[in-house]
Amino acid sequence: MDFFTLTVGRPLTRVDGMKAHFRSLRSTTTRDRQKALAFIEQVWELANALERRVRLPDLALPPDLDTTSPAAAAQDLRARWGLGVKPIKHLVAQLETRGLIVSILSLASADVARVGAFSTSHLPRPVVVITPERAMSVYVHRFTVAHELGHLILHRDAAPGDPQQEREADQFAAELLTPRAQIINMLPRTVNLPKLAALSQHWGVSVDSLLIRMKETGTVSEVSVRRGYQRLNQLRAAGGDPAEPVSNFPGEMPSMLRQAATLADATGYSIAHLARELRWKPARVREVLGVVDERPQLRILPPA
């Protein structure tokens, strides 16, 4: 909590629908997207109110990253953030310590969950929101956060639903979480699900993501990858490969705003004060702040 100190905040900002990225644009209605934007605005209003009393981490999203390709941008970001070439153990914590706002949409807003995930860089602090469905699997959650980070870096001029931008954000996420130069020598030369499961835990990505990586790197044929998916789906249908919810991994749960609220409360500015200033009910303040269970950290295992 050493990066929080008392300070003065900034004025509110509103988000235009064409300046946000939506993970599942085609399967959502305009009404759902408007509700998603309203949630982003509420997250920002809460952050702004807290920042009037507490200094949040300085924003450290380099504006001059190498964006000649999604992979180059991911490699450059790893270098600028000092992440090296090893697995990123706590992705959400990495974003928050560099001043980005990450939030998990509350279950009470389930009608917006169809959006999947959404983000915008058109605020003084970029905001990334993940829905509960994607938070059911820590690996899907991490890839989604990395995908939205890719949008923030690569697509300042958002084109919601643009297939090319979606592909580029996926390419960024894959390179950020599993750098090609490292993963290509670790992937098995056949679709070996037990070995892929071990790599999944080591890198903090899904087996599905690794199968796509095998296809992208030419490690195995496309036919082999399709057969791998079939076996994986059969395994899951039989109850194998259960998803691990993100709530089990504190380093992947957003905590920056909650910690700021705790510090503000220690100075006499409580949730009740926040609620009065925002003209919200205290329950809504707690809902947007989120609640974290104290559970084990994400396991990063040595390669098999």
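Residues numbered from 1 in each chain as written. Predicted model: local features only at pLDDT ≥ 70, side-chain atom pairs only at ≥ 80, totals over all residues. Heavy atoms only, no water.

Here's the deal with the overall build of the protein
Assigned secondary structure in the protein consists of twelve helices and four strands. Across the protein, the fraction of contacts at a sequence separation of at least 24, relative to all contacts at a separation of at least 6, is 75%. When the accessible surface of the protein is split by element, carbon and sulfur atoms take 53% of a total near 13900 Å². (Helix = DSSP H or I, 4+ residues; strand = E, 2+ residues; numbered from the N terminus. Contact = heavy atoms within 4.5 Å. Areas by Shrake-Rupley, 256 points an atom, 1.4 Å probe, with all protein chains shown as cover.)

Looking at the pattern of salt bridges
Per the counting criterion, the structure on display carries 13 salt bridges. The closest approach of N and O atoms between glutamate 287 and arginine 284, which form a salt bridge, is 2.5 Å. With glutamate 287 and arginine 284 both in helix α12 (residues 282-289) and three residues apart, the pair spans about one turn of that helix. The exposure class assigned to glutamate 287 is partly exposed, which follows from its relative accessible area of 26%. (Salt bridge = Lys/Arg side-chain N within 4 Å of Asp/Glu carboxyl O. Buried < 20%, exposed > 50% of the residue type's maximum accessible area, 1.4 Å probe, protein only.)

Observations regarding the side chain of glutamate 166
As for its position among the elements, glutamate 166 is in helix α5 (residues 163-177). For glutamate 166, a relative accessible area of 14% gives the class buried. A distance of 3.0 Å separates a polar atom in the side chain of glutamate 166 from a polar atom in the side chain of histidine 147. (Polar contact = N/O pair within 3.5 Å; in protein donor to acceptor, adjacent residues only side chain to side chain.)

Examining the packing of helix α1 (residues 30-51) against helix α10 (residues 256-266)
Where α1 meets α10, the axes come as close as 10 Å, and the angle between the chain directions of the two elements is 35°. Where α1 crosses over α10, the handedness of that crossing is left-handed. For the pair α1 and α10, the contacting residues are Val43, Ala47 and Leu50 in the first and Leu257, Ala260, Ala261 and Ala264 in the second. Here the residues of the contact of α1 with α10 are counted per class, giving seven nonpolar, no polar and no charged. (Axes fitted to C-alpha atoms, helices over the stretch in contact; angles between N-to-C directions. Left-handed = near helix turned anticlockwise from the far one by under 90°. Nonpolar A, V, L, I, M, F, W, Y, C, P; charged D, E, K, R; others polar.)

Brief notes about the environment of proline 179
With respect to the helices, strands and loops of the structure, proline 179 is situated in the loop between α5 and α6 (180-183). In sequence terms proline 179 and proline 87 are 92 residues apart; their C-alpha atoms lie 8.8 Å from each other.

Looking at the confidence of the model for the protein
In low-pLDDT segments, the atomic positions of the prediction should not be examined closely. On average, residues of the protein score 84 in pLDDT, and 82% of them are at 70 or above. When mean pLDDT is taken per element in the protein, helix α2 (residues 70-80) scores highest with 98 and strand β1 (residues 21-22) scores lowest with 69. The low-confidence segment residues 291-304, where pLDDT is below 50, has 35 contacts with residues more than four positions distant or belonging to other chains. (pLDDT = per-residue confidence, 0-100.)

Regarding the packing of aromatic side chains
Throughout the structure, instances matching the rule amount to zero aromatic pairs. Directly above the ring of tyrosine 269 sits arginine 53, whose terminal nitrogen or CZ lies 4.0 Å from the centroid. (Phe/Tyr/Trp six-rings, centres within 6.5 Å; stacked < 30°, edge-to-face > 60°. Lys NZ or Arg CZ within 6 Å of the ring centre and 35° of its normal.)

Digging into the packing of α2 against helix α4 (residues 138-154)
In the contact formed by α2 and α4, the axes pass within 11 Å of each other and the chain directions differ by 100°. Considered as vectors, α2 and α4 are oriented roughly perpendicular to each other. Contact residues: Pro70, Ala73 and Leu77 in α2; Leu149, Ile153 and Leu154 in α4. A class-by-class count of the residues in the contact of α2 with α4 yields six nonpolar, no polar and no charged. (Parallel < 35°, antiparallel > 145°, perpendicular 65-115°, else oblique.)

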